[in-house]
Amino acid sequence: NKIIKEIKVNNVEIKLVSGDITIEETDAIVNAANSQLQHGGGVAGAILRKGGPDIQKESNEYIKKYGKVETGNVALTAGGKLKCKYIIHAVGPIWEGGNQQEEKLLYDAVFNSLKKAEELKLNSLALPAISAGIYGYPIEKAVPVYKKAVSDFINTNPQFLKEIRFVIYGKDHLDYFLKEF
Ligand code: AR6
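Q: So what exactly am I meant to see when it comes to the pattern of salt bridges here?
A: Proximity of charged atoms lets side chains of opposite charge pair with each other. Inspection of the entire model under this criterion finds nine salt bridges. Residues R165 and E24 are paired through a salt bridge, measuring 2.8 Å at the closest nitrogen-oxygen approach. In this pair, R165 is assigned in strand 7 (residues 163-168) and E24 in the loop between strand 2 (12-18) and strand 3 (28-33), connecting sequence segments 141 residues apart. The two residues R165 and E24 agree in class, both being buried. The partner of E180 in a salt bridge is K147, and the shortest N-O contact between them spans 3.5 Å. Here E180, found in helix 5 (residues 171-180), pairs with K147, found in helix 4 (residues 139-154); they are 33 residues apart in sequence, far enough to count as distant. Members of the salt-bridge network, linked through shared partners, are K15, E24, E163 and R165.

Q: Sorry if this is basic, but what is going on with the pairing of strand 3 here?
A: One face of the sheet, then the other: side chains in a regular strand alternate in exactly this way. Among the six residues in strand 3, five count as buried, and that is most of the element. Taken together, the six bridges between strand 3 and strand 5 (residues 86-91) define a ladder with parallel strand orientation. Its bridge partner lying in strand 5, A32 is registered against A90. Pairing analysis gives two bridges linking strand 3 to strand 6 (residues 124-127), with the strands arranged parallel. Note on strand 6: the bridge partner recorded for I29 is A126.

Q: What am I meant to see in the sheet that holds strand 4 (residues 74-78) here?
A: The strands that make up a sheet pair up through hydrogen bonds in the backbone, lying either parallel or antiparallel. What the seven strands build is an open sheet, ordered 1-2-7-6-3-5-4; its pairing is mixed. If you trace the sheet from one side to the other, it starts and ends with strand 1 (2-9) and strand 4, each paired once. When strand polarity is set aside, the average angle formed by the axes of neighbouring strands in this sheet is 25°. Note: strand 1 against strand 2, seven bridges, orientation antiparallel. What sits directly across from V9, in strand 2, is V12. Running at roughly 170° to strand 7, helix 4 makes contact with strand 1, strand 2 and strand 7 of the sheet. Relative to the sheet, helix 5 contacts strand 1, strand 2 and strand 7, its axis offset from that of strand 7 by approximately 140°.

Q: Just checking my understanding: could you explain the nonpolar core for this structure?
A: As a rule of thumb, soluble globular proteins bury nonpolar side chains together. Grouped together as the largest cluster of nonpolar side chains are 36 residues, with contacts concentrated most on L114, L125, Y146, I164, F166 and F177. Those elements giving two or more residues to this core turn out to be strand 2, strand 3, strand 5, helix 3 (102-119), strand 6, helix 4, strand 7 and helix 5. It is helix 4 that contributes the most residues to this core, nine residues altogether. Ranked by size, the runner-up nonpolar core spans ten residues in total, among them I29, L82, I87 and A126.

Parameters at a glance
Residues numbered from 1 in each chain as written. Predicted model: local features only at pLDDT ≥ 70, side-chain atom pairs only at ≥ 80, totals over all residues. Heavy atoms only, no water. Salt bridge = Lys/Arg side-chain N within 4 Å of Asp/Glu carboxyl O. Helix = DSSP H or I, 4+ residues; strand = E, 2+ residues; numbered from the N terminus. Buried < 20%, exposed > 50% of the residue type's maximum accessible area, 1.4 Å probe, protein only. Pairing = 2+ DSSP bridges. Axes fitted to C-alpha atoms, helices over the stretch in contact; angles between N-to-C directions. Contact = heavy atoms within 4.5 Å. Core = buried A, V, L, I, M, F, W, Y, C linked by side-chain atoms within 4.5 Å.

By themselves, these figures tell us nothing about what the structure is for.
And the structure:
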């Protein structure tokens, strides 16, 4: 993966990375999950293929124990065969035109991922463009929401999380990130 841009805000590094999130070596990666944690397509499918079936197994156990993950919330599993220790499964909203609280729910999905990483005392986290694939959230509307969530999180003065990576798939999406950050 290739680091395209680095920005430092209050001692936290934000890195825009081009490539595949499943090969990141951060302490945790974020999955763009659904409420049932059934990892089929997109990032989730790639994570499962590379990380192995234990990730789906652990996800199923999580659902059995706690019930479905509400949109905007996160669940946790181990990283399986991936390089990261944990996977934070964040459930973003499905885009339905913008009047179904999509913006707040996307903000929550990102903010809660960062909060979970800090709770776990992790130093580094990689996130994909949550909701901007199969869930149809327009990328130009999603990127400002990612930025707001990251910036609000940094303003809480995290003690542990010092590196936040956005791992961006494809040049098209990358341009929007570069414009916004
Ligand atoms: N690394 C980084 N980014 C990726 C990768 C990858 N390996 N693969 C795709 N992307 P999506 P969503 C980008 O569809 O919209 C699944 O079936 C992709 O280009 O993975 O939140 C889940 O189980 C896009 O920019 O997530 C849910 O049911 C972004 O990652 C549903 O899809 C997110 O695309 C979630 O949909």
